[in-house]
Amino acid sequence: MQITSLDGAGAEITRVDIRQLSEAELDAIRQTYADHGVIFFRDQSLTEDDHIAFARRFGPININRFFLAHERYPEIALVLKEKERKTNIGGGWHTDHSYDAEPAMGSVLVARQLPDAGGDTWFASMYTAYDTLDEATKEEIAGLRAVHSAKHIFGSAENNFYKANEDTGGRIGNTSAADALQDVTHPVVITHPLSGKKALYVNPAFTTRIEGYDDDASNALLMRLYAHAMKPDHAHRFKWRPGSVAFWDNRSTWHWAMNDYHGERRLMHRITIEGCALN
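First, a word on scope: everything that follows refers to the structure included in this document. (Residues numbered from 1 in each chain as written. Predicted model: local features only at pLDDT ≥ 70, side-chain atom pairs only at ≥ 80, totals over all residues. Heavy atoms only, no water.)

**Some points on the environment of alanine 229**
Applied cut-off: Numbering goes from the N terminus for both helices and strands, where a helix is a DSSP run of H or I of at least four residues and a strand is a run of E of at least two. Buried means the residue's accessible area, taken with a 1.4 Å probe over protein chains only, is under 20% of the maximum for its type, while exposed means over 50%, and partly exposed covers the values in between. Any two residues whose heavy atoms approach within 4.5 Å are treated as being in contact.
Its location among the elements puts alanine 229 in helix H8 (residues 215-229). Judged by its relative accessible area of 1%, alanine 229 is buried. Residues alanine 229 and methionine 126, 103 residues apart in the sequence, show an inter-C-alpha distance of 7.0 Å. Each residue touching alanine 229, except ones within four places of it in the same chain, is listed here: Ala124, Met126, Ala129, Leu200, His234 and Trp254.

In C-alpha cells form, the structure reads like this:
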C-alpha cells in the first residue's frame, strides 16, 4: 500500500484492494483519514455489498433522509444527475449533516457512471483553513458557536431549495423530516475527535448564523470565514475515473461537486457513517 499526500487537501492511497484489508492496512487508512480529512482510492471493483462492508468497518451507517435510495440497498444513497437535469447534488461548498446534533463522521462515495468529461469534486481542508487564519481571528472565534439548519434547504418554507428550483437534481425533498429537525449549534472551531487537531466548522450551505450575534455582525463574520476557507491553496480537485472511491470526513472538510457535464448522466453511490457530538 502506498500513501501519497496531495496538494491542498487529502491523500491518495494506491496498491490496495479495500475489499481485502489486513489489520495493519486498515490501521494505516484510519490514521491517514484522521490526519488528512479526505482519502482517495483508485482502481477498486466494489459491489454494493463490498461498499457497505467497507463503510461498516468505520462505524454504523446513517440512512439518508433526503436523497433517493438504492432500490435494493437502503444504506446507499443515489447521488444522481440525469441527462435532462440542469442542477446537481452538492453544487456548492458544504459539509454534510452539520444540521444534526451528532453530525455524520464521513461519507464513502463510489463512482458508478461518469460523464465523458467534467464532474470533478473539490475538497477543502478545514484543518488548513483554521491553521492559516490570522491570530486575531483565531482569538475572535474561540468559544463562539454557530447555528446549523436543514430547513432552508430541505424543508417546506417558501424560500427553500425546492421552491426556488423546480429541478431538484435528484433530491427527494422529504420536507416533513426537515421540518421536524430542530436547529442545532456547534462550535465554530472544533477539536477533531479522531486527530485532536483544530478545524473550522462552519459551511455556506447549512450554517445560518453565529449564536449571540445580530444579523449584520453574523453575516460579516461568516462571509469572512468562508472567503478564507475557499482559498485555492486549501483545496484539491479530484478527477473521478471508473473504480474511484472518495472517503471524506465531514468534520474537517468541505466538498463541492462540479456541475459542468450537462446532457450526460452521472451516478455515484454514497454511504454516510454516523458520527458524534462535537466539542
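**Looking at the environment of leucine 221**
Within the secondary structure, leucine 221 sits in helix H8. Classification of leucine 221 as buried rests on a relative accessible area of 2%. The spatial distance from the C-alpha of leucine 221 to the C-alpha of isoleucine 210 is 8.1 Å, given a sequence separation of 11 residues. Residues in contact with leucine 221, not counting those within four places in the same chain, are Glu140, Ile141, Leu144, Ile210 and Tyr213.

**Describing unusual backbone geometry**
The phi angle at arginine 15 is positive, at roughly 60°, despite the residue not being glycine. Within the secondary structure, arginine 15 sits in the loop between strand E2 (11-14) and helix H1 (23-36). Even without being a glycine, aspartate 43 presents a positive backbone phi close to 55°.

**Focus on the packing of aromatic side chains**
For the record, the criterion: Note on aromatic pairs: the rings of Phe, Tyr and Trp (six-membered ring only in Trp) are paired at centre separations within 6.5 Å, and the planes decide the class, stacked below 30 degrees, edge-to-face beyond 60, tilted for the rest.
Counted according to the given criterion, the structure contains 15 aromatic pairs. Taken together, a centroid distance of 6.5 Å and an interplanar angle of 50° make the contact between tyrosine 33 and phenylalanine 58 tilted. Residue tyrosine 33 is found in helix H1, and its partner phenylalanine 58 is found in the loop between helix H2 (48-56) and strand E4 (61-62); the two are separated by 25 residues along the sequence. Here tyrosine 33 falls in the buried class, since its relative accessible area comes to 2%.

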